[in-house]
Amino acid sequence: GNRIGHWQIRAIPDSPPMIAFAQKPARTERDSVKLAFTAGDDYGVASVRALIRPLQNRQSVLAVALPLDSVSAKTLTQTVYKDLTEHPFAGLDVEITLEASDGAGQKGLSKPQRFTLPEKIFTHPLARALIEQRQNLALGGLKAKPKVARVLDALTYAPEHFFQNQTGTYMAIRAAFWATKSARFPEDVARAEDLLWQTALGIEGGGLS
């Protein structure tokens, strides 16, 4: 019945991480996105992401993982470069929010910054039209597929007149048309977006075999 020890214990709450932009997002000479940030957590920052939302549709979000120089560092200051020119959001006005997570899964958000994502410039009119429809799919998802399918169908009108000696290009756009029209799930939409991107690249580069 004798007391052999006595301690006073105070629980210290695990605070969520903090993160902020060290500089505004910037475009590099190679058309990458430059993201400079500072972050901290009482037990260490586990991961950082950039959440990119188009101003035209804030419900659509692109989450980009940002590699850290030191895992679980309590404080860090870092600059990360990301090439997003192949993503359908390229060329759009977006809002970028940084998200830091700790080991317990708690998250902290930065203040959002507006930015125009760098894009690959297409000079061929047909390639530009396909990229525009790709963006429409990315912004509207399954709801946008009827309109996009109608445009792709119109772009392939009268192949005997408009696609002479361009059978490969015609077939590629028709493949994208059917992929769009038959899409039922988000992954189907992503496949159609990829077909449109590859086709636009081929046209810009001089045609598809």
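To be clear, the structure that these remarks concern was listed above.
Every chain's residues receive numbers from 1 upward, in the order its sequence appears when written. Local features in this predicted model are restricted to residues of pLDDT 70 or higher, and side-chain atom pairs are both shown and tallied only at a pLDDT of 80 or more, whereas totals for entire chains, interfaces and linings draw on every residue. Water and hydrogen atoms play no part in the side-chain values, which are based on all heavy atoms of the structure.

Peer 1: Give a detailed account of the environment of G202, specifying residues and quantitative values.
Peer 2: For G202, the location among the structural elements is in helix 5 (residues 186-204). Each residue is placed in one exposure class: buried if its accessible area under a 1.4 Å probe, protein chains only, is under 20% of its type's maximum, exposed if it is over 50%, and partly exposed if it falls in between. In this structure G202 comes out as buried when scored by relative accessible area, which is 13%. The spacing of G202 and A127 is 75 residues in sequence and 8.5 Å in space, taken between C-alpha atoms. Elements are defined by DSSP. Helices are runs of H or I of four residues or more, strands are runs of E of two residues or more, and each kind is numbered from the N terminus.

Peer 1: Residue-level account of the nonpolar core, with values.
Peer 2: The nonpolar side chains of a soluble globular protein tend to be buried with one another. Only buried Ala, Val, Leu, Ile, Met, Phe, Trp, Tyr and Cys residues count toward a nonpolar core, and they belong to the same one when joined by side-chain atoms within 4.5 Å. One finds F37, V48, I52, L66, I96 and L117 to be the most contacted residues of the largest nonpolar core, which totals 28 residues. Residue assignment for this core shows that the elements contributing at least two residues are strand 1 (18-21), strand 3 (33-54), strand 4 (62-66), strand 5 (73-82), strand 6 (93-102) and helix 1 (125-140). Among the elements that line this core, the one with the most residues is strand 3, at eight residues. Core analysis: the second largest hydrophobic core is formed by 23 residues, F122, A179, V189 and I203 among them.

Peer 1: Just give me the short version of helix 4 (residues 167-181), but keep the residues and values in it.
Peer 2: Every α-helical turn comprises 3.6 residues, leaving residues that sit three or four positions apart pointing alike. What a helix is expected to span follows from its residue count: subtract one and scale by 1.5 Å. For helix 4, with 15 residues, the first-to-last C-alpha span of 21 Å sits near the 21 Å given by 1.5 Å per residue. Those residues of helix 4 lying buried are G168, T169, Y170, A172, I173, R174, A176, F177, A179 and T180. Throughout, a residue-residue contact means that at least one pair of heavy atoms, one from each residue, lies within 4.5 Å. Considering only its buried residues, helix 4 is in contact with helix 1, helix 2 (145-155), helix 3 (159-162) and helix 5.

Peer 1: Talk me through the side chain of Q78; I want residue IDs and the actual numbers.
Peer 2: With respect to the helices, strands and loops of the structure, Q78 is situated in strand 5. By relative accessible area, which is 7% here, Q78 ends up buried. In protein, a polar contact requires one atom able to donate a hydrogen and another able to accept it; more generally it is a pair of N or O atoms within 3.5 Å, and residues adjacent in sequence count only if both atoms are side-chain atoms. Of note is the side chain of Q78, whose polar atom sits 3.1 Å from the backbone nitrogen of D69. Once you skip the residues sitting within four places of it in the chain, Q78 turns out to touch L35, A36, F37, P67, L68 and D69.

Peer 1: Report on the pairing of strand 4, specifying residues and quantitative values.
Peer 2: Burial along strand 4 is one-sided: L62, V64 and L66 are buried, while A63 and A65, pointing the other way, are not. Between any two strands, pairing holds if DSSP finds at least two bridges. Two strands pair when backbone bridges link them, and strand 3 and strand 4 are joined in this way by five bridges, in the antiparallel orientation. Counterpart to I52 in the pairing with strand 4 is L62.

Peer 1: Account for the pattern of salt bridges, with residues named and values stated.
Peer 2: For salt bridges, the criterion is a side-chain nitrogen of Lys or Arg within 4 Å of an Asp or Glu carboxyl oxygen. Under the definition given, this model contains four salt bridges. In this structure, R49 engages E99 in a salt bridge whose closest nitrogen and oxygen atoms are separated by 2.9 Å. In this pair, R49 is assigned in strand 3 and E99 in strand 6, connecting sequence segments 50 residues apart. Residue E99 is classed as buried on the basis of its relative accessible area, which comes to 7%. A salt bridge links D153 to R174; its shortest N-O distance comes to 2.7 Å. Of this pair, D153 sits in helix 2 while R174 sits in helix 4, and the two are 21 residues apart along the sequence. When its relative accessible area of 36% is taken as the criterion, D153 is described as partly exposed.

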